2 protein chains.
Amino acid sequence: MLKVPDHQVAGHHARDGKLGPLIDDSGRFYKPLQGDERGSKEVAFYTSFSSNARIPDHIRRFFPIFYGTQLLEASDGSGLHPHLVLQDVVSGCHNPCIIDVKIGSRTWYLQASEDYIQRSLKKDRETTTLSLGFRISGLQIYDSKESGFWRPEKKLVLGFTADDVRVVLRKFVSSNSPTDSDSELDCSFASAVYGGSTGILAQLLELKAWFEDQTIFHFFSCSILIMYDKEAILKGMSSGAEIKLIDFAHVVEGEGVIDHNFLGGLCSLIKMISEILTSPDENPNITCLQDYEKNHSYLENGTTE
Amino acid sequence: MLKVPDHQVAGHHARDGKLGPLIDDSGRFYKPLQGDERGSKEVAFYTSFSSNARIPDHIRRFFPIFYGTQLLEASDGSGLHPHLVLQDVVSGCHNPCIIDVKIGSRTWYLQASEDYIQRSLKKDRETTTLSLGFRISGLQIYDSKESGFWRPEKKLVLGFTADDVRVVLRKFVSSNSPTDSDSELDCSFASAVYGGSTGILAQLLELKAWFEDQTIFHFFSCSILIMYDKEAILKGMSSGAEIKLIDFAHVVEGEGVIDHNFLGGLCSLIKMISEILTSPDENPNITCLQDYEKNHSYLENGTTE
């Protein structure tokens, strides 16, 4: 019944006998609790969040539904292991295009261990976290039935410069083959995915309004998944564009202060996506793409590397 | 003609033969250029900013007018020294109440020296910079003709907790004597200073809208001065409430990205001031004020310590 998810773009993978998340065919996602305090912190967040009456419904829909915890046979064959039972946020989509954006110019916080702080700070300085206020942690772009997905390797993704991020956010909504770096990106799905009253930008702006006000939680090292269904657009259907927040192992109490770190990064992402909508034809310098072609990992449709 | 300013609440002071700013009686403020690259960076910023046609007038008014640079006899008696010639932003006010708020949860930036980064990071962690996204660098609150100003010492101000900051932002707009910690703060000037269509909150929101869009400059370690004239309110006149951005020795180019660090801190300050306007009667725990009384430095009206 349980299997390894096809469309996981970042985080630990249940491959080659390693511990990682599983899904079932009823739309549930089983995430193994991390052994250290991260696991218990994530359970504590989901428990607190799902019972908090102050979270409005139009914000709650941006979070996976939480069904509780469950002991399951672990994907690494090590026996029973506690798992978070969550909504599988991509279950409705056959060939989803997904970007995982880790939000905030700081992924660490005062309550963390000095070792965690130093490691996080180093990674923040080496990626676009510091410069942009967010970094891309992983992505997949559906190409075609024949070619499957473009899913660049983690090492390449973490090496993205600010310009690379601009290019990827355009590539994400272009009809060009994602590995074709010679032609100009057409951004032909920008308005269907990012634009409109229910598109990605409108959802991010709704989230922003909440973050300008909420002082309950501070979300460190948390990601926004940006998703849509390219095939649906090509068939003239709704893009299914959606955002979901995930990864709450580093959420701390807000103590009456807004999450200015998340909010700042969110505003930076909003500005970058707005610019694609207002200037879809202005291609940034795309020479940085040349390297992608050499390094990309290309996946068959439906395989998992 | 030149004299030491009466109402400087933070930064280097021209006292006891030290190098510091001077003012004249025509409303100009002479800031000595710091010897290292900070001096030249601040001149470069003012030069670039004052000639940049993309800065709208309703934003330009939040910055001191720049008149150029001038060689002047230095306040430390060391001979001629180059000075920035700026608008004296408090010259119109006899007894101004002033808070200097250093904005941003990070006062350092990648282009700075490793030594500067480590020193700044340490101070950011020790103050409310990290937790609130801003810290108070200095303040003065006018009490009365007899008692003059309350101007807490730098060491006390840099030790403020998040709760202390909440209390000080309420104290700033209360008719209570600033050194009286027994009675509840009445926030009786909150609506005249923070509120209204031209008050501090409206000005901060205008600034915020600009920061959501502008990608020209990133303002590290820059302050917002919040000022008003308490005597004017008591006489039934306009409060003269005003914000001014100051201290641009650490401004870097935006490179097409918004200043998410400044914006996040600004939103946090806006939220805290909004709460005073919506709940002027909800006094936070004021036990932290007890220490103030023991430690405060109390100044005669018009003296300079």
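Numbers given for residues are sequential positions, taken from 1 along each chain in its written order. As a convention, the first chain written is A and the first ligand written is 1, with the rest following in written order. The predicted origin of the model limits local features to residues at a pLDDT of at least 70 and limits the giving and counting of side-chain atom pairs to 80 or more, whereas totals for whole chains, interfaces and linings rest on all residues. The basis for every side-chain value is the complete set of heavy atoms in the structure, and neither hydrogens nor water enter the calculation.

The name an unreviewed UniProt entry gives chain A is Inositol polyphosphate multikinase, with Vitis vinifera as the organism. Per UniProt, chain A has the following entry under Function (unreviewed entry): "Inositol phosphate kinase with a broad substrate specificity." UniProt positions are given in the numbering used here, feature names are shortened, and annotations may be inferred rather than shown by experiment.

Could you give an account of the pairing of strand β6 (residues 134–144) of chain B, with specific residues and numbers?
Residues and elements named next belong to chain B. The buried label goes to any residue with under 20% of its type's maximum accessible area, the exposed label to any with over 50%, and the partly exposed label to all in between, with areas taken from a 1.4 Å probe on protein chains only. Under the DSSP-based scheme used, a helix requires at least four consecutive residues in state H or I and a strand at least two consecutive residues in state E, with every element numbered from the N terminus. The element β6 is largely enclosed, with a buried count of eleven among its eleven residues. Strands are treated as partners if at least two bridges between them are detected by DSSP. In the sheet, strand β5 (residues 96–103) pairs with β6 via six bridges, with the strands oriented antiparallel. Bridge pairing links K102 to R135 in β6. Relative to strand β7 (residues 148–150), β6 runs antiparallel, the two sharing three bridges.

I'd like to hear about unusual backbone geometry, residue by residue, with values.
Residues and elements named next belong to chain A. Even without being a glycine, D247 presents a positive backbone phi close to 75°. Position of D247 among the secondary structure elements: in the loop between β10 (242–246) and β11 (251–253). Residue D247 is classed as partly exposed on the basis of its relative accessible area of 28%. Of note, the phi angle at E255 is positive, near 50°, even though the residue is not glycine. Examined against the element boundaries, E255 turns out to sit in the loop between β11 and α10 (260–278).

How would you summarise the relation of the copies chain B and chain A if you had to cite specific residues and measurements?
Two chain copies, one operation linking them: a rotation about an axis together with a shift along it. Superposing chain B onto chain A requires a rotation of 180° together with a translation of 0.0 Å along the rotation axis, leaving an RMSD of 0.0 Å. This pairing of chains is accounted for by a two-fold axis. In terms of proximity to the rotation axis, the leading residue of chain B is G264 of chain B, whose C-alpha is 2.3 Å off the axis. Here 100% of the contact residues of chain B are again contact residues in chain A; the copies associate through an equivalent surface. C-alpha atoms of residues with pLDDT of at least 70 in both copies form the basis for the least-squares superposition of the copies. Contact criterion: two residues are considered in contact whenever any of their non-hydrogen atoms come within 4.5 Å of each other.

Explain helix α6 (residues 162–171) of chain B to me, using residue names and the numbers behind them.
Counting along an α-helix, one turn takes 3.6 residues, and residues three or four places apart therefore face a common direction. Counting buried residues along α6 of chain B, eight of its ten residues qualify, which places the element largely inside the surrounding structure. If you check which residues of α6 of chain B are buried, you get D164, V165, R166, V167, V168, L169, R170 and K171 of chain B.

Lay out the packing of α6 of chain B against helix α10 (residues 260–278) of chain B in plain terms, naming residues and giving numbers.
All names here are of chain B. Every angle, taken between N-to-C directions, lies between 0 and 180 degrees, and every axis is a line fitted to C-alpha atoms, over only the stretch in contact when it is a helix. α10 packs onto α6 with a crossing angle of 55° between their chain directions and a minimal axis gap of 10 Å. One way to sum up the angle between α6 and α10 is to call them oblique. Pair α6 / α10 crosses with right-handed handedness. Taken together, the residues of α10 that come into contact with α6 (itself represented by V165, R166, L169 and R170) are L269, M272 and I276. For this classification, Asp, Glu, Lys and Arg are treated as charged, while Ala, Val, Leu, Ile, Met, Phe, Trp, Tyr, Cys and Pro are nonpolar and the rest, including Gly, are polar. Considered class by class, the residues forming the contact of α6 with α10 number five nonpolar, no polar and two charged. Just so you know how the angles are binned, under 35 degrees is roughly parallel, over 145 roughly antiparallel, 65 to 115 roughly perpendicular, and the rest oblique. Here is the rule for handedness: rotate from the far helix to the near one, and if that takes an anticlockwise turn smaller than a right angle the crossing is left-handed, while a clockwise turn gives right-handed.

Outline the sheet that holds strand β1 (residues 22–23) of chain B, supporting the account with residue identities and numerical values.
Residue and element names in this part refer to chain B. What the four strands build is an open sheet, ordered β1-β2-β4-β3; its pairing is antiparallel. The two strands at the open ends of the sheet, each matched to only one other strand, are β1 and β3 (66–73). Where β3 meets strand β4 (residues 80–87), seven bridges bridge the pair, whose relative direction is antiparallel. Paired with Q70 across the bridge in β4 is H83.

Can you lay out the interface of chain B and chain A for me, pointing to particular residues and giving the numbers?
The extent of an interface is frequently quoted as the accessible surface area lost upon association of the parts. Taken together, the 29 residues of chain B in the interface contact 29 residues of chain A. Buried area: the accessible area, evaluated with a 1.4 Å probe, that two parts lose upon being put together, summed over both parts. Across the chain B/chain A interface, buried area totals approximately 2,400 Å², and carbon plus sulfur atoms make up 56% of it. Any carboxyl oxygen of Asp or Glu that lies within 4 Å of a side-chain nitrogen of Lys or Arg is treated as forming a salt bridge with it. Linking chain B with chain A are six salt bridges, by the criterion used here. Note that D213 of chain B is salt-bridged to K271 of chain A, the shortest N-O span being 2.7 Å.

Explain the domain arrangement of chain A to me, using residue names and the numbers behind them.
Residues and elements named next belong to chain A. By domain assignment, chain A separates into domain 1 (22–87) and domain 2 (96–299). Boundaries between domains were set according to an automatic or database domain assignment. In this structure, domain 1 and domain 2 have C-alpha centres spaced 23 Å apart. When residues of domain 1 are sorted by the area they lose upon contact with domain 2, K41, F45 and F62 head the list and together hold 35% of the total. Taken together, domain 1 and domain 2 are joined by two salt bridges.

Which residues make up the sheet that holds strand β3 (residues 66–73) of chain A, and what are the values?
All names here are of chain A. The four strands are arranged β1-β2-β4-β3 in an open sheet whose pairing can be described as antiparallel. Both outer strands of the open sheet, β1 (22–23) and β3, are each paired with one neighbouring strand and no more. In terms of strand pairing, β1 meets strand β2 (residues 28–32) through two bridges, oriented antiparallel. Opposite L22, over in β2, you have Y30 as the bridge partner.

Got a sec to walk through the pattern of salt bridges? Specific residues and values, please.
Evaluation of the coordinates by the stated rule reveals 30 salt bridges over all chains. In this structure, K271 of chain A engages E275 of chain A in a salt bridge whose closest nitrogen and oxygen atoms are separated by 3.7 Å. Here K271 of chain A pairs with E275 of chain A, and both are found in helix α10, just four residues apart, close to one helical turn. On the basis of relative accessible area, E275 of chain A is assigned to the partly exposed category, the value being 28%. Where R38 of chain B meets D36 of chain B, a salt bridge forms, and the shortest distance between an N and an O atom there is 3.1 Å. Here R38 of chain B falls in the partly exposed class, since its relative accessible area comes to 29%. Judged by relative accessible area, D36 of chain B falls into the partly exposed class, the value being 40%.

Go over the confidence of the model for chain A, please, and point to the residues and values.
You can read pLDDT as the predictor saying how much it trusts each residue, on a scale of 0 to 100. Model confidence for chain A is summarised by a mean pLDDT of 91, while 92% of its residues fall at 70 or above. Contacts of residues 286–305 of chain A to residues separated by more than four positions or lying in other chains number 56 contacts, the stretch itself having pLDDT below 50.

Describe the nonpolar core, with residues and values.
Soluble globular proteins: nonpolar side chains tend toward being buried together. Grouped together as the largest cluster of nonpolar side chains are 137 residues, with contacts concentrated most on F219 of chain A together with F219 of chain B. Contact partners of F219 of chain A, with chain neighbours within four places excluded, come to F45, F63, W210, F211, Q214, F248, H250, V251, D259 and F262 of chain A. Definition of nonpolar core: a set of buried residues of the types Ala, Val, Leu, Ile, Met, Phe, Trp, Tyr and Cys, connected through side-chain atoms within 4.5 Å. Formed by 18 residues, the second largest nonpolar core is a distinct cluster that contains A112, Y116 and L121 of chain A together with L121 of chain B.

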